[in-house]
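Descriptive analysis of the structure
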Amino acid sequence: ALLDGDGAGDDGPGNAARAAQGLLGAHEHVRHVLVLAQERELVRKKHVLARLQDALAWQALPVVQLLAPDERVCMHLIGTLFGKSSLRPVLVRLVVELKSEQYLYCILDESQKELCKANTMRSSLPTFSLLGKLADAIPGFAEIVVVKHNNLVDHLLMGLTYPNESIKAAVCYLYGKLYSSPAGTERLSGHFEERLCVVFLNTLGSAQTKELQVNCLGLLKELLKSDHFVSILMNNAKTEEETENPDFLEGENPLPLVLKKLLLTRDEMLQAASSHCMAAVLVHSPSRYAPAFIHADVPEFLFECLLCKSEILIWSVYCCLLLLTEERLFFSKCHTVYGIESLVRSLRGVLLLNNVELHKQGLLLFTEILKRQPVEIKLFTNRGVCIEAIDVLMETVNCPVLEVAVEAVKAVAAFLRKDHVSSPPVPYEELQKLLEAVLKRCADLSPPQSTNRNLGRVPQRQGQFLLNTLESFRNACRLAVEFQGDFMAQENAFTAPNSESKDTLSNFSEFLLRICDSLCIPMVMSYLERAVSPSVTEVFISALSTLFTVVPSMRNKFSKKLGRRVLWDHVLCALNCNPVLNHTCSSFLCSLCLNLYSATEKTRTSSQEEQEMSELLQKGLPQLNYTIAESLLLLSETPEPFFLDQSLCSHQHCFVLLLYFAYSFGDRFVPDAELFLAVRNFLLSAQDHGDCLPPHILRAALYLLAVCQDKGKALDVRSLSTIRRILDNLTDLSLVYVHCPPLLKFFLCYPELMGRFGHQVLQLWFSWEDCKQTEVEESDFGSSDQLNSANPLLPILKSNSSILLILLDLVCSSSVEVAWKVLMTLRTFLERNEDVLVCDLLRSRFLQILQQLLVETELSVPFLANRNLPVLLNLLFLVQLRSKGIRELDSTDFKLLHQVCNLCGKCRPRDTDLLQPSLNFLYWSLHQTTPCSQQRAVAVLLSNVSLLELLQKVLECTWLWSPPSRPASLSSEDALLCSGWLLVASLLLYQHRYNTEVHQTLSVDLKEVLNTVIFRNKKPILLLVSIMQFLRAVLRQNFSSALLVIVGQNTAPNAAQPQPSSVQDTALHPLAMQQVFLLVVSLQNLLVHKDLLLSQAVVACLETLVEHLYVKNQDVALHVASQPWHRFLLFTLLSGGQKSFLQPAVLRLMTLFVRYQSSNIISQKEISQIIQEAAEASIAELPEATSHALHLFLSQVREQ
């Protein structure tokens, strides 16, 4: 079939099978076929080879089974195929399938002969190609050649020197296969060192064709796997002086130059292979081989290659540059400065590719450059490149792939260095955005879910990301501190005049404090509650320590925030982790405690005490490596066994101080009951041992007892005696005083302590209390709970009224400032606690205090400058108001009355703060007592001429003082006028009733009084009511009183007035008829306002006026009572809705109309209707004033 060529046009497994069957049928026939094939024409020969090749490809096993038993046939067939270069692919296939080394030896022998008898090296190319193909196909080929046919290597070396790049390419390919095997590497080591190295480097350096270049690089790649060959290629056996000589390197070590030459080609594959070979050299020892590449300026060309689009090339360059970063020359020769812009742009371009590993490698290279760049060599000489780098970092931080974001945050941490961002102007605003992006990305990482399969891995990634984020934040804080000493970095030097820039160090520093408070601290605290990480704790605490100096002016404020938000127990537990963390945490706690001491003890800060505290904390904190439970137990230990080194004392004092500051800011990480017991035992132990505790330690211990006393048992007698003895040894209680409600309660709730130290503690309390708080507490706090929280002394006073005596003693014995605060507290207490009966207790003490204040006032300049006096007078009036019912005045009351009268006589009308409470006190003293005491009180007041003279001046001020802008408002001057008119009205009434002797008269202009009511002139309602009370008193006495002189009744105010020449005017004197009508109209108008107090005063005044007129002239009185406008007024008042007549003022007004038979105002039918509606109302539910008015109305109707 093969001879005849049947089915020559058919291909496939079927023909191959038939060909194999033909071969199986006749061995000699096959040999004959092959012999004939040598003589047949080329077409026929190719057909036969194709059939044999198909048989080997599709049915190799039958062919091998046919040929293997007959060695002669195989050898003859191999020899025949070897003789023809066109048949050698079939030969390679046949040898591979036969799997016998003897046939391979045969081919190698024939190859040796062929190479030896070759007339020219060009004819050896097929042989080299055959050997290369055999090396590809047979795994152990290289080992067989170097072990048993190593003479072929000499021919390879000659081929490499032949000036034909095809032959060189084939030889290099074969060399590469030989050196790829361990046996070849070992046996050809000397060959390479002695003969091949130089020839190969020359070949690589002069290669022109891509085939030769690729095969040379392939050989180089295999060679570079061996450290020995790398050493030979790099000619590393040089002295240190030669290494520093770039000319020597260029002349004697061409490999870096050759590889650099390949980088200059525009073939990205060759560039990638070249950079890969460089990396293969450097990976053996960057310190040994990197200088040669750096002196050859290879890094510059590597950076240029980064502008390509090939991911393979970029990856290779990244790897090579990453290895070069381990050599200092890479930075000192400024290669990074040259290439940083290319790297940043490469990173931006790489982000567009979907290659996570490439992203990570690029960021890793960027991070290493940022870390290793020398401080003296500025990396970013161009601010634009720096900002572009920030943009790239921000983009990578926000990358959705967590692994890329982790590398990006590492780069950010390395980037935040002064020499990297100090090119003026410093881009503070961009740095803020970058840091905020890092922190927000970290905060967005959700905690691991319980259903997640990677429970161990997810927290680890999150922890690593958090650690890198904290390193970035810490470096930013350090950056801000370093810039504080750089004037050029304080603010943007290029800011336009008269404009404000955000790119300032102060804004950046304040941003760090804000972002730490809002993001950093909550994020770390949340993480540490779920996991234990010493590294995270160390970096976090280090960053917080740096923040103390970022904004010095805000150090105390920041420390207070830290005190409230830092987990004190976690920081304490971190002290026993490792030495580095111990040092970091102890330094942080020391700074925090000292800053908190400075912030909270402003009025008592002592440099000596601060120094002692600093020494104690610095010495004791690093050794505070016990658990919290163990530390509590050690508080009760006696220091005797440790007397020599004082380690126990140091531990106890440090722990007490830390507890004090932690509890001061709300972190109660120890159960209160346990801490209360431990601190009590600590004090007992110290007292038993005879230790004299430093004031700051005793202060902390007392504070801890105070804040835990509600959860602990009450102190026993021994404990209280111990505390009392310790405090007795102090020169000043203020040394251990802490201004807080629990400590105040602690001293006042135990009689043993209150009796001995209550006075001092209360004095300290008021000395430290904010003055403004007591002034506004009444207006700011509506409920009693709010008020008690604002002034914690109030509930203590309510439970133990004997403390009031101490407070009153403080008023007498303390400074003016403290006395004022005490009086303000007493005033609030009396106003808020009406159920506490303390009036009798306070009244006698008030007399003593008032006498003392008056003595001090006599000596003060200016006169009456003591501001405690008005507060005391207010308290005196409050006590008087709190007295229930009518009582007989005793000697103390009359002494107080006398003192107040004398005080008023020394005042001026402008002394409203003194006169207002004084006149109120006098007024109330007249009304809240029995007739007997009332008569004596009136005599006391009227006998005081200076008081009456003052009242005269106050009344005159009514017409002199300008009215306020708002009629409804009541100024202090108007309030004083109200009190003055009311007191004068009362004096008129009681002087007339008791016919008391008068030593000084008062004069009043009647027209001014009437005009005030008639025209009002923006007078406040309360002042009008007070003047009407005075007018009622005058009308009742028919303008005749030993105390009062009416003046000015004939003086017209502005224009000519009708003279009292008529009979009616004469009868009504000193009133005029016109004045009466004007007054009635004004009273009607005031009633329309429907103000409850004003309405009652108006109706009462109208009643008194009509009664006065009825006595003077009945016709005028009836005429006034029957005015038609009264009916319209009544309808207006009754328009408020159903049963609107059930108002005291309306009922009294109707009673007035019924009494004077004003049938035109209210008819009998209307009276009957009102009586019917009143009968339907529930009398028991009516207010007392309404019931009384209704009773008077019904009584008047019955009389009619």
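Remember, it's a predicted structure, so these values are computed and weren't measured experimentally. (Residues numbered from 1 in each chain as written. Predicted model: local features only at pLDDT ≥ 70, side-chain atom pairs only at ≥ 80, totals over all residues. Heavy atoms only, no water.)

The next subject is the overall build of the protein chain. When helices and strands are counted, the protein chain shows 65 helices and 2 strands. Considering only contacts in the protein chain between residues 6 or more positions apart, those separated by 24 or more positions represent 75%. When the accessible surface of the protein chain is split by element, carbon and sulfur atoms take 52% of a total near 53800 Å². (Helix = DSSP H or I, 4+ residues; strand = E, 2+ residues; numbered from the N terminus. Contact = heavy atoms within 4.5 Å. Areas by Shrake-Rupley, 256 points an atom, 1.4 Å probe, with all protein chains shown as cover.)

The residue after His-1069, namely Pro-1070, is reached through a cis peptide bond having omega 10°. Among the secondary structure elements, Pro-1070 is positioned in the loop between α58 (1063-1068) and α59 (1073-1088). One non-glycine residue, Asp-297, lies in positive phi territory at about 60°. Position of Asp-297 among the secondary structure elements: in the loop between α20 (286-295) and α21 (298-305). Within the chain, Cys-334 stands out as a residue other than glycine whose phi angle is a positive 65°. Classification of Cys-334 by relative accessible area gives partly exposed; the value is 35%. (Buried < 20%, exposed > 50% of the residue type's maximum accessible area, 1.4 Å probe, protein only.)

In this section: the packing of helix α13 (residues 189-206) against helix α18 (residues 254-264). Closest axis-to-axis distance for the α13/α18 pair is 9 Å, and the angle between their directions is 25°. Compared by their axis directions, α13 and α18 come out roughly parallel. In this structure, α13 meets α18 at a crossing whose hand is left-handed. On α18, the residues that touch Leu-201, Leu-204 and Gly-205 of α13 are Pro-254, Leu-255, Val-258 and Lys-261. Residues belonging to the contact of α13 with α18 are distributed by class as follows: 5 nonpolar, 1 polar and 1 charged. (Axes fitted to C-alpha atoms, helices over the stretch in contact; angles between N-to-C directions. Parallel < 35°, antiparallel > 145°, perpendicular 65-115°, else oblique. Left-handed = near helix turned anticlockwise from the far one by under 90°. Nonpolar A, V, L, I, M, F, W, Y, C, P; charged D, E, K, R; others polar.)

Let us now look at the environment of Leu-313. Along the chain, Leu-313 falls in helix α22 (residues 311-324). For Leu-313 and Ala-273, which are 40 residues apart along the polypeptide, the C-alpha to C-alpha distance reads 8.0 Å.

Pairing between side chains of opposite charge can happen when the charged atoms of each approach one another. Considering all chains together, one arrives at 23 salt bridges under this definition. Here Lys-410 and Glu-407 are joined by a salt bridge, their closest N and O atoms 3.7 Å apart. Residue Lys-410 and its partner Glu-407 are located together in helix α27 (residues 402-415), separated by 3 residues, close to a single helical turn. The partly exposed category is assigned to Lys-410, whose relative accessible area is 28%. (Salt bridge = Lys/Arg side-chain N within 4 Å of Asp/Glu carboxyl O.)

This brings us to the nonpolar core. Core analysis: the biggest nonpolar cluster contains 391 residues, and Phe-366, Phe-415, Phe-473, Leu-512, Leu-544, Leu-807 and Leu-922 have the highest contact counts within it. Of all the elements, helix α31 (residues 505-530) adds the most residues to this core, at 15 residues. (Core = buried A, V, L, I, M, F, W, Y, C linked by side-chain atoms within 4.5 Å.)

Before going further, it helps to examine the packing of helix α11 (residues 165-179) against helix α14 (residues 210-223). For the pair α11 and α14, the least separation of the axes is 8 Å and the interaxial angle reads 20°. It follows that α11 is roughly parallel to α14 by the angle criterion. Between α11 and α14 the crossing geometry is left-handed. Residues Glu-165, Lys-168, Ala-169, Ala-170, Cys-172, Tyr-173, Tyr-175, Gly-176 and Tyr-179 of α11 pack against Glu-211, Leu-212, Asn-215, Cys-216, Leu-219, Glu-222 and Leu-223 of α14.

Quick look at the packing of aromatic side chains now. Where two aromatic rings form a pair, the distance of their centres and the angle of their planes describe that pair. If you walk through the whole model with that rule in mind, you get 23 aromatic pairs. When the centroid spacing of 5.6 Å and the interplanar angle of 75° are considered together, the rings of Tyr-737 and Trp-768 count as edge-to-face. Of the two residues, Tyr-737 sits in the loop between α41 (717-728) and α42 (741-749) while Trp-768 sits in helix α43 (residues 751-768), which places them 31 residues apart along the sequence. Each residue in the set Tyr-175, Tyr-179, Phe-192 and Phe-229 is aromatic and connected to the rest through ring pairs, giving one cluster. It is Arg-936 that lies over the ring of Phe-894; its NZ or CZ is 4.0 Å from the centre. (Phe/Tyr/Trp six-rings, centres within 6.5 Å; stacked < 30°, edge-to-face > 60°. Lys NZ or Arg CZ within 6 Å of the ring centre and 35° of its normal.)

Per-residue pLDDT for the protein chain averages 81, and the proportion of residues at 70 or more is 80%. A low-confidence stretch, residues 236-251 (pLDDT under 50), is modelled with 21 contacts involving residues beyond four sequence positions or located in other chains. Contacts of residues 771-784 to residues separated by more than four positions or lying in other chains number 22 contacts, the stretch itself having pLDDT below 50. (pLDDT = per-residue confidence, 0-100.)

For the rest of this paragraph, the subject is the side chain of His-651. Take His-651: it is sitting in helix α38 (residues 647-664). We classify His-651 as buried; its relative accessible area is 5%. Beyond its immediate sequence surroundings of up to four residues, His-651 is in contact with Leu-624, Tyr-626, Ser-631 and Leu-634.

Quick look at a nonpolar patch on the surface now. On the surface, Leu-970, Leu-1022 and Leu-1093 cluster together to form a nonpolar patch covering roughly 240 Å² of accessible area. Tracing the chain through its elements places Leu-1022 in helix α57 (residues 1021-1036). (Patch = residues over 30% accessible without salt bridge, like charges linked within 9 Å, V, L, I, M, F, W, Y side chains within 5 Å.)

Glancing now at the environment of Pro-291. Locating Pro-291 in the fold gives a position in helix α20. Along the backbone, Pro-291 and Arg-328 are 37 residues apart, and their C-alpha atoms lie at a distance of 8.9 Å.

Mapped onto the secondary structure, Met-523 falls in helix α31. Not counting chain neighbours up to four residues away, the residues in contact with Met-523 comprise Leu-439, Cys-442, Ala-443 and Leu-466.

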